[in-house]
Amino acid sequence: MATGIPGKEVFTPRTFAGGKYELLGPVGSGGMGTVYRARHIDLDRTVAIKVLSDDLSQNPIATERLRREAQAASLLQHPNGTQVLDFGQDQGRFFIVMEFLEGQSLYELLNTVERLDAARAVVIGAQILAALQAAHDQGIVHRDMKPENVMLLRRKDDEGHESDLVKVCDFGIAKRALPAGPSDGPALTDVGTVVGTPAYMAPEQARAKEVDVRTDLYSVGVILYRALTGKAPFEDGDPIAILMAHVLEVAAPPRSVEPSIPPALEALIMRAMEKSPDARFQTAREMRRALIDAMPSAVPATGSVRLDSTTPSETQRRAPATTQISPPGNRFSFLWAGPVLAVVVGLAIWFWLGRNDPQKRPSADPPPPTGAPATDLAASDSGEGDSSAPVA
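Quick summary incoming for the structure in this document. Per chain, the residues get numbers from 1 upward, laid out in the order the sequence is written. Thresholds applied to this predicted model are a pLDDT of at least 70 for local features of residues and 80 or more for the giving and counting of side-chain atom pairs; totals over whole chains, interfaces and linings are not thresholded and use all residues. Excluding hydrogens and water, the side-chain values take into account all heavy atoms of the structure.

### What to know about the overall build of the protein chain
The helix and strand tally for the protein chain stands at 11 helices and 11 strands. Accessibility here uses a 1.4 Å probe with only protein chains present; expressed as a share of the type maximum, an area under 20% marks a residue as buried, one over 50% as exposed, and anything in between as partly exposed. For the protein chain, the residues scored as buried account for 51% of the 392 residues in total. As presented, the protein chain carries roughly 18,100 Å² of accessible surface, and 53% of it is formed by carbon and sulfur atoms. Numbering of helices and strands runs from the N terminus, with a helix taken as a DSSP run of H or I at least four residues long and a strand as a DSSP run of E at least two residues long. Only the protein chains shown count as covering a residue, and every accessible area follows the Shrake-Rupley method with a 1.4 Å probe.

Written out as structure tokens, the structure is:
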């Protein structure tokens, strides 16, 4: 229905899924489809419904991915996970029904403040890791952890102070890390395919290698880096350049960007972003314990941090909480470029290693200048990461 205002249309509420739900209005839309605010009519409960576009509803890979998202999220019975309520098809269009999240994404918060206070970052990070551990316990690797997929809901503790409740969402490209079973269905991506968001990809993910739970922990390290310093470790250049930086370059230590960061948090972030998965934290539980130990005063028994006691690092430009669920957004999936990208990154690593391997220099070559960095990718155990709204 037109309003007379260019670009603006009035949404007319309508029933959906055989009268089970009432669509109240769109929250956001993207390449996958549209997320609606809706009402479960019998329960009189507000929910969010993600509806695939007409084209994708005819695409078996897209519909299978949505089904797996619903299945993965339904397995995640955890306070910091997004609850899935229903999955089905209406007039040929597939949909997934989730709890409606009233708040803002971490991405939105980081766009309104310069950086987060260390205590608040620790509390948010601890809840992210708790949700991931629950997913990993079910054999699920998220593969697309980023601020857009972390929703922050405001809650009040027993003393009436506001605090953050984290909800991890968008398991659209999640992967079962356990051996496949009969119910796992066909493979959705081929070996050599790169999926995820470049700014937060672990090196093995950027190289289209096998991923596991430690891949998610690398991404959480990048999220903490961004939250505490106000910038991503790698943010210059196009997506391919950012991916190569994750593989080849060592991020600047967080305290070189923001000196007020506690040394223990810096050490934790750098360990999480190690190039080799074996050098990182091995489980989300281990990383969460180290995060809390790095700043135990930030996480009291309630696991909350007061929002009315932020430090000057969090500016007063904080946007008010909005009633929304993070809409479908800009996941940069390199499904089309995976094999090519893997070759490009592989050649870059080969060239870089050959250039820096002293055994491959002719004996007549002069020695490198005194003080020249002696970096070797195989021996470099420091890692890095980088930054994009979930479809959940």
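After that view, the rundown keeps rolling.
### Topic: the sheet that holds strand 4 (residues 45–52)
Whether two strands pair comes down to DSSP finding at least two bridges between them. Across the sheet, 6 strands lie side by side as 1-2-3-4-6-5; this open sheet has antiparallel pairing. Bordering the open sheet on either side are strand 1 (14–16) and strand 5 (84–90), each of which pairs with just one other strand. Across this sheet, the average inter-strand angle for adjacent strands is 40 degrees, counted without regard to direction. Sheet topology note: the strand 1/strand 2 (residues 21–29) ladder contains 3 bridges and is antiparallel. From the neighbouring strand, F16 faces strand 2, where its bridge partner is Y21. Here an axis means a line fitted to C-alpha atoms, over the contact stretch when the element is a helix, while the angle between two N-to-C directions is reported on a 0 to 180 degree scale.

### Describing the pairing of strand 10 (residues 162–168)
For strand 10, the buried fraction is high: 6 of the 7 residues fall into the buried class. Where strand 9 (residues 150–156) meets strand 10, 7 bridges bridge the pair, whose relative direction is antiparallel. Bridging across to strand 10, L153 finds its partner in L165. Between strand 9 and strand 10, which follow one another and run antiparallel, lie 5 residues, and G160 among them has a positive phi close to 85 degrees.

### Quick look at the pairing of strand 5
Relative to strand 6 (residues 93–99), strand 5 runs antiparallel, the two being bridged by 6 bridges. Looking at strand 6, one finds that D86 is bridged to V97. Between strand 5 and strand 6, which pair antiparallel one after the other, the connecting turn spans 2 residues, and Q91 there sits at a positive phi close to 50 degrees.

### Re the sheet that holds strand 7 (residues 103–105)
Strand order across the open sheet formed by 3 strands is 7-9-10, with antiparallel pairing between neighbours. Edge positions in the open sheet fall to strand 7 and strand 10, since each of these has one partner strand only. In this sheet, adjacent strand axes meet at a mean angle of 30 degrees when their direction is disregarded. Any two residues whose heavy atoms approach within 4.5 Å at even a single point are treated as in contact. Together, strand 9 and strand 10 form the strand contacts of helix 4 (residues 118–137), whose direction differs from that of strand 10 by roughly 35 degrees.

### Details of the packing of helix 6 (residues 213–229) against helix 9 (residues 263–272)
Contact geometry of helix 6 with helix 9 gives a least axis separation of 8 Å together with a crossing angle of 140 degrees. Taken together, the axes of helix 6 and helix 9 are oblique relative to one another. In this structure, helix 6 crosses over helix 9, and the sense of that crossing is left-handed. Each of L217, Y218, G221, L224, Y225 and L228 in helix 6 lies in contact with helix 9, whose residues at this interface are L265, L268, I269 and A272. What sets the label is the angle itself: under 35 degrees gives roughly parallel, over 145 gives roughly antiparallel, 65 to 115 gives roughly perpendicular, and the rest give oblique. Crossing handedness is defined as follows: a turn of the near helix away from the far one that is anticlockwise and smaller than a right angle gives a left-handed crossing, while the clockwise case is right-handed.

### Digging into the environment of I223
Considering the arrangement of structural elements, one finds I223 in helix 6. Sequence separation between I223 and Y200 is 23 residues; the distance between their C-alpha atoms is 7.6 Å. With sequence-adjacent residues up to four places away left out, I223 is seen in contact with L106, M145, K146, P147 and Y200.

### Observations concerning the packing of helix 6 against helix 10 (residues 284–294)
At a minimum axis distance of 11 Å, the contact between helix 6 and helix 10 shows a crossing angle of 25 degrees. As summarised for this structure, helix 6 and helix 10 are arranged roughly parallel, according to the angle between their axes. At the point where helix 6 passes helix 10, the crossing takes the right-handed sense. Residues L217, V220, G221 and L224 of helix 6 touch helix 10, and the partners they reach there are A284, M287 and L291. Each residue is assigned to one of three groups, with Ala, Val, Leu, Ile, Met, Phe, Trp, Tyr, Cys and Pro labelled nonpolar, Asp, Glu, Lys and Arg labelled charged, and all others, Gly among them, labelled polar. Residues of the contact of helix 6 with helix 10, tallied by class, amount to 6 nonpolar, 1 polar and no charged.

### Looking at the nonpolar core
Buried Ala, Val, Leu, Ile, Met, Phe, Trp, Tyr and Cys residues that are joined via side-chain atoms within 4.5 Å together make up what is termed a nonpolar core. Core analysis: the largest hydrophobic core is formed by 59 residues, its most contacted members being L106, L116, I128, L265, M273, M287 and L291. For this core, the elements supplying multiple residues, two or more each, are helix 3 (106–110), helix 4, strand 9, strand 10, helix 6, helix 7 (239–248), helix 9 and helix 10. Take this core: its biggest share by element is 13 residues, from helix 4.

Coordinates in, geometry out; function isn't part of it.
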